[in-house]
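# Topology and contacts: notes
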Amino acid sequence: MDLVGPIIDIVKFVGSPIVRYLKYQIKFNNHLEQFNVSKEGLSNRKRDIESRLNIELHYGKVAEEEVQTWLNDVEKFLARQEVANEVNSWGCLSCCCRVKILEERAQEAKEIYDKGGSFTNECLVKDDPFISAVELPIEELQGSGDVKAEILMSLMGDEVIKLGVWGMGGVGKTTIMMHVHNELLNKAKFKKVIWVTVSQTFDIYKLQEQIACSLKEKLEEHQNTTNRAAVLSKMLEKQKPYLLILDDVWRRFKLTTVGIPEPFVSDGCKLVLTTRSQEVARTMDCKIIKVKTLSQKEALKLFIDKVGDIVLSDQRCIKGTLESTLKGIVDECDGLPLAIVTVASSLKGISEPQFWSAALNQLKDCKRNVAGTNDNDDAFGVLKFSYDRLKTPKIQHCFLCCALYPEDYNIPIKSIIDYWIDEGLIDEMETLQAMRDEGHDMLRKLVDNCLLESMKINEFRLEEDCVRMHDLVRDMALQITRTSPRFMVEAGEALKKLPEKGKWTEDLEKVSLMRNEIEEISSSILSSKCTMLTTLLLSHNNLSTISESVFEHIPMLKILDLSYNSQLRSLPSSISKLVNLTTLLLQRCHSLTKIPSLSELGALKKLDLDYTEIKEVPKGLEMCTNLKYLSLRAYDHREDCCILDDAILLNLSKLQQLFVDERIALRGEVIGDWRSWKLFMAGSLQCMTGASF
């Protein structure tokens, strides 16, 4: 009994700190829970602001500095070590200190969160000061100095408000106006100089979009063109006095229908259009300036400048047997700069007179063969001559494939080379990179022959190497593909539905309907078998429905591009019938949740499922034993995880490029051998074997 008192004293002595510790621990846990809630709220607000920012950011806009600073602050805060782990390392600190530090962290999260609330009703972007006045890439002006001077005089004066620059295709209208555009950028006459390419397929919606983009503004996508015209008109009113240059206009249209206010002397605004039709310029009340073809002297000088040093270095060629042949070739080009440059490039480096004589005869034959088919028959014949002189059928086919893109489209070099690889136009090599290098060499030959124009395009402050076809060159390419090989190209023509049934002939080899507004692929249209169709390009449409039996009618299909169809939710099971399919592109189909089994698609070499809503590795993927390229990156970073394990990977021995992110779990011993497979891994990989990469 004598021990009871001391024991009670000991319990009192020890119990008090224990109770105090438990109180602090409860308090700490409460603060930790509150902190995690604050952190989650901060993450959600960051996602909301980033989502808004993605909508508001477009060409000519950058994030406000305050917004970017806030996002950086959030990123730094969220990147810190998890607090629950961090506090465990604070063993030397008292519970009181730990609670205090945690309170400070929670307060910091709240302050950052509250600061983000100030952006709720504010615009998140501003004009990009680095691209306020962008010069257009230009070529040397040929024999048109007087025309350029006349145009500049008219624009700098006060009398002319609408100007029509008229001339046949390939005569240099666009080049002249590019020079004028760049020269006027630094003049005080106009607050804004706007350049827009209209093209043969006139689309009010697209034209409105291009003008708004040039003004660094954005129109509502789902408004009708009438409402958009009213908004665009107000945008242009704010930019007065402006100069609007509309390049390649094919038909008369009412300016106010688009949203372009009629220019007046009093407001200082002016309009210039380039056109092949004098009637278009006249009916749109323009003062007409004609661009004439080159004189014989100018044409000969341009040809000799472009044909190269071999002819220039051997004066005997000019004065001797080659002189009359060379002049004959120049005369066949009819003074068109585009034709002269293209033909000269195809003959560059050749000095033997017999080759020049043969070339002249071929050129005449080409012009005779296309006679009577088009207003630009002579130009087509000359351009066809340059096409015929391409060394191999493969490079000719590479050139024709460039016509699958819309008119006046800037084709990213990476995209066209990857497409040539998908088409099998580049010979198989050890690596994809080696094939891409070969593609660059083929592209250079087309540029050197002036059948493609190279350029650099700046979008979102990123520079991208592109190529483009002159519209006359593209017309020539499309004329070739009306016979053999047979293409159907209606890209970028604002189509709401598939072309009529009669156009889907049995001899079709390639169909391009990219960048339209098609919503459905119906078996009623595509009901007869297109037994030769190998390529179907339907990217950037509004597809939501594909009939179940459609793919049964195109059994030889090798390339299917359905990318950038954000409403597409599923694919029909008949896709499994495409046993010859080598390329399936579904990237950016944001609503796509599933695809049929791939077990029958043993020929598949490329599968792109980037940024879809597919939540599991496609069934039958292990049967795609020829797969070289696989991309499975997620639209957003979900917590659910896909397993990519040995059962699949051991069969994919030909895989060279794999793009994944943190939602893909890699499992199996084979993971450790991937270094030797020359795979490219994107993002952070979760590997269940613990292998490092």
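Within each chain, residues carry numbers counting from 1 in the order of the written sequence. Thresholds applied to this predicted model are a pLDDT of at least 70 for local features of residues and 80 or more for the giving and counting of side-chain atom pairs; totals over whole chains, interfaces and linings are not thresholded and use all residues. Hydrogens and water molecules were not included; the side-chain quantities draw on all heavy atoms of the structure.

This part is about the overall build of the chain. Across its full length, the chain carries 22 helices and 23 strands. For every residue, the accessible area (1.4 Å probe, protein chains only) is compared with the maximum for its type, and the residue is labelled buried under 20%, exposed over 50%, or partly exposed between those bounds. Expressed as a percentage of its 693 residues, the buried residues of the chain come to 49%. The contact criterion used throughout is that any non-hydrogen atoms of two residues lie within 4.5 Å. Here the contacts in the chain between residues at least 6 apart in sequence split such that 63% fall between residues at least 24 apart. Within the structure as shown, the chain displays about 34,100 Å² of accessible surface, and the carbon and sulfur contribution to it stands at 50%. Counting from the N terminus, the helices are the DSSP runs of H or I reaching at least four residues and the strands are the DSSP runs of E reaching at least two. The accessible surface values rely on the Shrake-Rupley method and a 1.4 Å probe; as for residues, cover is taken only from the protein chains in view.

Scored by pLDDT, the chain has a mean of 82; 80% of the residues are at 70 or more. Below pLDDT 50 for its whole length, residues 672-693 participates in 59 contacts with residues either more than four positions away or in separate chains. The quantity called pLDDT is the predictor's confidence in a given residue, expressed from 0 to 100.

Looking now at the pairing of strand β6 (residues 270-275). Taking burial as the measure, the six residues of β6 include six buried ones, the bulk of the element. Here β6 shows two buried faces, one formed by Lys270, Val272 and Thr274 and the other by Leu271, Leu273 and Thr275. As paired strands, strand β3 (residues 162-166) and β6 are joined by five bridges and run parallel to one another. For glycine 164, the partnering residue across the bridge sits in β6 and is leucine 273. Sheet topology places strand β5 (residues 242-249) next to β6; five bridges connect them, and they run parallel. Bridged to leucine 243 within β6 is lysine 270. Strand pairing is defined by DSSP finding a minimum of two bridges between the two strands.

Orientation is described by axes fitted as lines to C-alpha atoms, over the contacting stretch for helices, and by angles from 0 to 180 degrees between their N-to-C directions. Close contact between helix α11 (residues 296-307) and helix α15 (residues 337-346) brings their axes to 8 Å; oriented N to C, the two are set at 35 degrees. Crossing of α11 against α15: the hand is right-handed. Residues Ala299, Leu302, Phe303, Lys306 and Val307 of α11 lie in contact with α15, whose contacting residues are Pro337, Ile340, Val341, Val343 and Ala344. Take the far helix as your reference; a near helix turned counterclockwise from it by less than a right angle gives a left-handed crossing, and one turned clockwise gives a right-handed crossing.

Here we come to the packing of aromatic side chains. Centres within 6.5 Å are what make two rings of Phe, Tyr or Trp a pair, Trp counting through its six-membered ring; a difference in plane orientation under 30 degrees is then read as stacked, over 60 as edge-to-face, and the rest as tilted. Taken as a whole and assessed by the stated rule, the structure comprises five aromatic pairs. Both rings, one in tyrosine 387 and one in phenylalanine 399, keep their centres 5.8 Å apart while their planes meet at 45 degrees; by these two values the pair is tilted. Separated by 12 residues along the polypeptide, tyrosine 387 in helix α17 (residues 377-388) and phenylalanine 399 in helix α18 (residues 393-401) bring together distant segments of the chain. The burial state of tyrosine 387 is the same as that of phenylalanine 399; both residues are buried. Both a distance and an angle decide whether a charge sits over a ring: NZ of Lys or CZ of Arg must be within 6 Å of the ring centre and within 35 degrees of the ring normal. The ring of tyrosine 205 carries arginine 228 above its face, with NZ or CZ at 3.7 Å from the centroid.

Attention now goes to the side chain of arginine 228. Along the chain, arginine 228 falls in helix α8 (residues 225-237). For this analysis, a polar contact is any N or O atom pair within 3.5 Å, provided that within protein one partner can donate a hydrogen and the other can accept it, and provided that sequence-adjacent residues contribute only side-chain to side-chain pairs. Only 3.0 Å separates the side chain of arginine 228 from the side chain of glutamine 208, close enough to count as a polar contact. Leave out the neighbours within four places in its chain, and arginine 228 touches Tyr205, Gln208, Glu209, Leu219, Glu220, Glu221 and Gln223.

Turning our attention to the pattern of salt bridges. One speaks of a salt bridge when a side-chain nitrogen belonging to Lys or Arg is within 4 Å of a carboxyl oxygen belonging to Asp or Glu. This model, assessed by the stated rule, comprises 30 salt bridges. Here glutamate 279 and arginine 282 are joined by a salt bridge, their closest N and O atoms 2.5 Å apart. Of this pair, glutamate 279 and arginine 282 are both found in helix α10 (residues 278-283), three residues apart, which corresponds to roughly one turn of the helix. With a closest N to O distance of 2.3 Å, lysine 496 and glutamate 517 form a salt bridge. Residue lysine 496 is found in the loop between β11 (487-489) and β12 (510-512), and its partner glutamate 517 is found in the loop between β12 and β13 (520-521); the two are separated by 21 residues along the sequence. Lysine 496 gets classed as exposed once you look at its relative accessible area, which sits at 58%. A network of salt bridges, in which partner residues are shared, links Asp441, Arg444, Lys445 and Asp448.

Okay, the sheet that holds strand β17 (residues 583-585) next. Read from one edge of the open sheet, eight strands run β11-β12-β14-β16-β17-β18-β19-β21, paired in parallel fashion. Of all the strands in the sheet, just β11 and β21 (657-659) have a single pairing partner and so form its edges. On average, adjacent strands in this sheet sit at an angle of 5 degrees to one another, irrespective of strand direction. Strand direction decides the pairing type here: β11 and β12, joined by three bridges, are parallel. Pairing of methionine 488 across the sheet is with valine 511, part of β12.

Before going further, it helps to spend a moment on the environment of threonine 534. With respect to the helices, strands and loops of the structure, threonine 534 is situated in the loop between β13 and β14 (535-537). By relative accessible area, which is 18% here, threonine 534 ends up buried. Taking the C-alpha atoms as reference points, threonine 534 and valine 511, separated by 23 residues in sequence, lie 8.5 Å from one another.

Turning to the sheet that holds strand β7 (residues 287-290), a few remarks are in order. Hydrogen bonds between backbone atoms are what pair the strands of a sheet, whose relative direction is either parallel or antiparallel. Spatial ordering of the open sheet is given by β4-β5-β6-β3-β7, a layout of five strands whose pairing is parallel. At either margin of the open sheet sits one strand with a lone partner, and together these are β4 (192-197) and β7. Each neighbouring strand pair of the sheet contributes to a mean axis angle of 20 degrees, computed without reference to strand direction.

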